[in-house]
Amino acid sequence: MIDRAGDRTVETSGRAGTGSPAGLSDPQVGELRKKFGFNEIEEKKKHPFLKFLSYFWGPIPWMIEIAAVLSAVINHWEDFSVILLLLIINAVVGFYQERKAENSIELLKRHLAPNARVLRNGSWQVLPARELVPTDTIHVRLGDIVPADIELTKGSYLLLDESALTGESLPVEKKTGDKAFSGSIIRQGEMDATVTATGPATFFGKTTRLLQQKPSRSHFQQAVIRIGNYLIILAVVLVSLVYAVSFLRSDPLIETLQFALVLVVAAIPAALPAVLTVTLAVGAIALSKKEAIVSRLTSIEEMAGMDILCSDKTGTITQNAISIGDIRAFDGFSDDDVITAGALASRIESNDPIDSAILVRYDVLRKALQAPSFETLDFVPFDPVSKYSKAVVKDSSGRSFEVAKGAPQAIAQIVKTDDARLRTLRRWGDEFAGKGYRALGVARTDCTGMWQYLGIIGLFDPPREDSAATVAEAGRLGVNVKMVTGDHIAIAKEIASKVGLGTKIITRSEFAAHDGKDALQQLERSDGFAQVFPENKFHIVRVLQDGDHIVGMTGDGVNDAPALREADSGIAVAGATDAAKSAADIVLTKPGLSVIIDAIQQSRAIFRRMENYAVYRIAETVRVLIFLTLCIVLLNFYPVTALMIVVLAILNDLPIMMIAYDNAPVAAKPVRWQMDRILTIASILGTLGVVSSFILLWIAREYYHLDPGIIQTLIFLKLAVAGHMTLYLARTGQQHFWERPLPSLALFGMTEITQVGATLIAVYGLFMTPLGWTLALVVWGYALLFFVINDAIKVHLFRFIRPYS
């Protein structure tokens, strides 16, 4: 053995079993860790200070910086100072929000870190893959992602998918003495292996980058782009109009340009992507507390709109606490013979629930009867293609024989069962299925090497106690749960009837016979699908998506990965393989459907927060931009100064950070981005704000004949106070502002603090003409009056503009 501590590589001699039979001890692991470190790759992260400086570079910062320079050129030093403050605040807010999102995502990644089965101190343990060290003995099996570079030492073979590493689409077969590289996915087989390299010394140096990113196709990004484009176009058109009119009027060129730049900066939602991303990140942390770990943030929005959930039966609807319900043995064999052969074709290291159930029964039998001991000479693990596991065993007398267990039809093909026994198998299978039992065939060879069918084992996996209530709750939330299982149709119907899903279950042959609209209608009408293969799940997802459904799919196996990746919300259930986790959007750490319902409710609340912010931001831009443009173009009057616009922008930035923590209702039906609805409601709210601002301006100019400076301060205060009240209008949707849920303390507190701050600035004339308390109170009263009027108009309009619960 060659030990090169410098590059974390250990080369074995190629002989099987180079590691100790007991594995490494804790002191040995400690010494190796000092040499090689943890099995992880440290990401090269940009220094926080350099990242902070990047917020001063880009189109939006450039406009603010040009406005500041122009303020200095024309000696408006107050404007220069406040514009500089806006630049710094934008940078601080953006940096803070991005750091918060990054920290949240990093925390979630830790929850998704892969584990490995390791032989340490004489026993098999499940440890985080990052704790592996060279010369560790590990056990890898179907569905695992190879956690480090390894040399295979014991077992039949592995079929590895190395496409993510080499680009080669065909699986590669590996046997004892071969090397397997970190990041490969095991498609078939299971073997013991010795770790040869960890961390950056692995062949491809990507051990911990196991969570592949899905192609970006989210409705979330599309919504952000549409909102941003709408506001940018509106801002550019209106500001260009202001600048053109001012130029024709021979207004000072530099001052007009400064005002125009400031207006564009205030109008364009530079923080929109950051605020929505932080809202998603904060929501993802909330979901993690509900035992749902998010691997793709935008999948939260997809789950909020999910209207069909295709759920695995085993472990999600049922308990995955498999027990033996019944045994049927052919003539000449006993139940004990069936259990013994089934146990010999099982392996405790696999952590397979079926193997565990059989081995538990066998242990009881062995202790009761003092059964002879056996030695396993060779073991071929179960795989989804052959549908059986097989072993070569030697008994205490030295005689060798083979055993096999698996799907009854697969075992029948091995044994070459005659028609009479096939009919018996079908009858037993139907009887088991009627009780909700899953049949498992068992066979062994006799002294002449001929296969004999011993019998079948009935495995029972009862429904979870909360499944029926959870299915009913999903229905109330507008989510149609469809059961997907590879089991017999009779088993599927039995379980479905117990949990209230309905018994219109179809088999893969039934839906595979249709295509186009016929296939869609058949899938929509069905309550579930039985006897399906993993590739059928992908087909089910595709057909339902073509019918404009947002589809969720649960899965746990390596062959479920394509369907999980294709689904709008791919959900890896508790106990899923690493391959399934890497393909999924959300990974559940607690079994059952109830955690999915929790995730749906949380995601809808998160979605509502994002929609509330979008409505508020659009309404605020419309309100300020159109009002200022009309005043300048029609009245030749600047209702606020450039400095006031900057102060308004600063005050508006503070409460929007709290939207991520706001209380939000859970919609009773799936929700989607309805951009026409959002833009319409926001534009109406913004227009109502324009009307109320013009009325106040008319009263101040034509009725009270106030000085222009006082009018500007009056309008500034009105825009600040009423603008934050618009946030309360936006967050309650089609409800009145006083209806539940009330604003969170964080949002309410920050909003009121900024309103009071704006009032003090206006009253005492900081950067503007003092307004005094009397006029300030008049503005507050006026804003509150129109707040109530606007709320009534908003609720009325929601009855006609695509309302939802």
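Residues numbered from 1 in each chain as written. Predicted model: local features only at pLDDT ≥ 70, side-chain atom pairs only at ≥ 80, totals over all residues. Heavy atoms only, no water.

Caption draft 1: Representation of unusual backbone geometry in the model. One non-glycine residue, Asn121, lies in the positive phi region at around 55°. Relative to the helices and strands, Asn121 is located in the loop between strand 3 (115-120) and strand 4 (123-128). For Asn121, a relative accessible area of 42% translates into the label partly exposed. (Helix = DSSP H or I, 4+ residues; strand = E, 2+ residues; numbered from the N terminus. Buried < 20%, exposed > 50% of the residue type's maximum accessible area, 1.4 Å probe, protein only.)

Caption draft 2: Molecular detail of helix 11 (residues 335-344). For helix 11, a buried count of seven out of 10 residues is recorded, marking the element as mostly surrounded by other parts of the structure. Among the residues making up helix 11, those that are buried are Val338, Ile339, Thr340, Ala341, Gly342, Ala343 and Leu344. Tucked inside the fold, the buried residues of helix 11 contact strand 12 (323-329), helix 12 (353-369), strand 14 (388-394), strand 15 (400-406), strand 16 (437-445) and strand 17 (451-460). (Contact = heavy atoms within 4.5 Å.)

Caption draft 3: Up close: the sheet that holds strand 18 (residues 480-484). Taken together, eight strands build an open sheet; the order of strands is 10-23-22-21-11-18-20-19 and the sheet is mixed. The open sheet has two free edges, formed respectively by strand 10 (292-294) and strand 19 (505-507), since each of these has just one partner strand. For this sheet, the mean angle separating the axes of adjacent strands, direction not counted, is 20°. Pairing between strand 18 and strand 20 (residues 528-530): two bridges, direction parallel. For Met483, the partnering residue across the bridge sits in strand 20 and is Gly528. (Pairing = 2+ DSSP bridges. Axes fitted to C-alpha atoms, helices over the stretch in contact; angles between N-to-C directions.)

Caption draft 4: Local environment of the pairing of strand 15. Counting buried residues along strand 15, five of its seven residues qualify, which places the element largely inside the surrounding structure. Bridge count between strand 14 and strand 15: seven bridges; the pairing is antiparallel. Bridging across to strand 15, Ala391 finds its partner in Val403. With antiparallel pairing between neighbouring strands as the criterion, strand 14 and strand 15 make up a hairpin whose turn holds five residues, including Gly398 at a positive phi of roughly 95°. Pairing geometry for strand 15 and strand 16, over four bridges, is antiparallel. The residue of strand 16 that forms the bridge with Gly406 is Gly441.

Caption draft 5: The nonpolar core, seen in detail. Grouped together as the largest cluster of nonpolar side chains are 136 residues, with contacts concentrated most on Trp673 and Phe716. The dominant element in this core, judged by the number of residues it contributes, is helix 22 (residues 594-635), at 21 residues. Among the nonpolar cores identified, the runner-up in size contains 26 residues, and Ala519, Val532, Leu564 and Ala567 belong to it. (Core = buried A, V, L, I, M, F, W, Y, C linked by side-chain atoms within 4.5 Å.)

Caption draft 6: Molecular detail of the environment of Gln601. Its place among the elements puts Gln601 in helix 22. Gln601 sits 127 residues away from Ala474 along the chain, and the two C-alpha atoms are 9.9 Å apart. With near-sequence residues (within four places) excluded, Gln601 lies in contact with Glu473, Leu477 and Val666. Polar contacts involving the side chain of Gln601 include one to the side chain of Glu473, which spans 3.4 Å. (Polar contact = N/O pair within 3.5 Å; in protein donor to acceptor, adjacent residues only side chain to side chain.)

Caption draft 7: Representation of the packing of helix 23 (residues 642-656) against helix 25 (residues 708-731) in the model. Their axes nearest at 11 Å, the elements helix 23 and helix 25 cross at an angle of 20°. Considering their axes alone, helix 23 and helix 25 lie roughly parallel with respect to each other. By crossing handedness, the relation of helix 23 to helix 25 is classed as right-handed. Residues Met644, Val647, Leu648, Leu651, Asn652 and Pro655 of helix 23 lie in contact with helix 25, whose contacting residues are Gln712, Thr713, Phe716, Leu719, Ala720, His724 and Leu727. In the contact of helix 23 with helix 25, the residues fall into nine nonpolar, four polar and no charged. (Parallel < 35°, antiparallel > 145°, perpendicular 65-115°, else oblique. Left-handed = near helix turned anticlockwise from the far one by under 90°. Nonpolar A, V, L, I, M, F, W, Y, C, P; charged D, E, K, R; others polar.)

Caption draft 8: Representation of the environment of Arg421 within the structure. Residue placement: Arg421 occurs in helix 14 (residues 419-434). Sequence separation between Arg421 and Tyr453 is 32 residues, and the spatial gap between their C-alpha atoms is 9.0 Å. Residue contacts for Arg421: discarding those within four places in its chain leaves Phe330, Asp331 and Tyr453.

Caption draft 9: Layout of the confidence of the model for the chain. Residues at a pLDDT of 70 or more form 87% of the chain, whose mean pLDDT is 81. Confidence, read as mean pLDDT per element, is least for strand 1 (residues 2-4) in the chain (37) and greatest for strand 15 (94). This stretch, residues 1-18, has a pLDDT under 50; its non-local contacts, to residues over four places away or in other chains, come to 46 contacts. Note that residues 206-217 has pLDDT below 50 and, in this model, 38 contacts with residues that lie over four places away or in other chains. (pLDDT = per-residue confidence, 0-100.)

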